[in-house]
Amino acid sequence: MQNIVAGNWKMNLTSDAAESLLKDIVAKATGVSCQFIICPPFPYLSIAKDLIDGHPNIALGAQNCSNKTSGAFTGEVSCEMLKSSGVEYVIIGHSERRAYYNETHELIGEKLMRALENELIPIFCCGENLSERKAGSHFDVVSSQVKESIFDFLSKDQISKIIFAYEPVWAIGTGETASPDQAEEVHQHLRQCLIENIGDDGNQIPILYGGSCKPGNAKDLFQQKNIDGGLIGGASLKADDFVQIGRSF
Ligand code: 13P
């Protein structure tokens, strides 16, 4: 399976800073064997597209998409627009969108459907918050997130095209990483859910870890059997750190 390191820039950087970070990543990522995916804010997608064009192992992703197809939805960005702008991947179901924009399982399922209809590869995020972790309900939380947005909506064929990302909310932007064992047991659980639903093809689906992943801990995380790469927030804003994470397989 291809190792993947995706950078979620979130709502950061000016246009100039984005351009210079991209140039730095492009220069440094050459020759690194993993697949990098860069997910800048919408206004920088076309700058990014131009700068990474033709690069063998850097692809472009968006951080969000509309659940609608087209029409009078002011401020929304459709999957068709993303696809026609050279975007290949889209993050869907990030915990920040679930928490601050009230995205429901159903809405996330609709977004997944729009992405797949437009041949975008969704990076589907799931993960428990701190109180759910403390209550020991993390496996149940993740199970219901995948059931209600994915298994209830999508066919086997569609599911097999998705990249999964386990992002425990308590580890995002906090500096507190899930230990390799804590992450692996949830990844293994996700793998089991996938195999139960789509059979052996579930073994081929990438499952990324996200949450304070950085050069100092990436290697230990990526050594785990079911951790196929990372979804990186803060450390994706520094070219050296981001590319170093890509060298950690
Ligand atoms: P941090 O790497 O900043 O913890 O963010 C992770 C994340 O939310 C990626 O989507």
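We now turn to the structure provided with this report. (Residues numbered from 1 in each chain as written. Predicted model: local features only at pLDDT ≥ 70, side-chain atom pairs only at ≥ 80, totals over all residues. Heavy atoms only, no water.)

Here His-138 shows up in helix α7 (residues 138-151). When its relative accessible area of 8% is taken as the criterion, His-138 is described as buried. When the C-alpha positions of His-138 and Gly-127 are compared, they lie 7.3 Å apart, and in sequence the two are 11 residues distant. Once residues lying within four places of it in the same chain are set aside, the contact partners of His-138 are Glu-128, Glu-132, Arg-133, Glu-185 and Val-186. Here Arg-133 takes part through its side chain, which lies 3.5 Å from a polar atom of the side chain of His-138. (Helix = DSSP H or I, 4+ residues; strand = E, 2+ residues; numbered from the N terminus. Buried < 20%, exposed > 50% of the residue type's maximum accessible area, 1.4 Å probe, protein only. Contact = heavy atoms within 4.5 Å. Polar contact = N/O pair within 3.5 Å; in protein donor to acceptor, adjacent residues only side chain to side chain.)

With that settled, consider the pattern of salt bridges. As enumerated under the stated definition, the model contains 12 salt bridges in all. Residue Glu-103 pairs with Arg-97 through a salt bridge whose shortest N-O separation is 2.7 Å. When its relative accessible area of 7% is taken as the criterion, Glu-103 is described as buried. One salt bridge connects Lys-161 with Asp-157, and the closest N-O pair in it is separated by 3.2 Å. Lys-161 sits in the partly exposed class, given a relative accessible area of 43%. Overlapping salt bridges, with partners in common, bring together Asp-24, Lys-28 and Asp-240 in one network. (Salt bridge = Lys/Arg side-chain N within 4 Å of Asp/Glu carboxyl O.)

Before going further, it helps to spend a moment on the nonpolar core. Counting 66 residues, the largest nonpolar core has Ile-25, Phe-36, Leu-82, Phe-124, Ile-150, Phe-164 and Tyr-209 as its most contacted members. Sequence-distant contacts of Ile-150, defined by excluding residues within four places in its chain, comprise Leu-112, Phe-124, Gln-145, Ile-159, Ile-162 and Phe-164. One finds Ile-4, Ile-37, Leu-208 and Leu-231 within the second-largest nonpolar core, a separate group that totals 13 residues. (Core = buried A, V, L, I, M, F, W, Y, C linked by side-chain atoms within 4.5 Å.)

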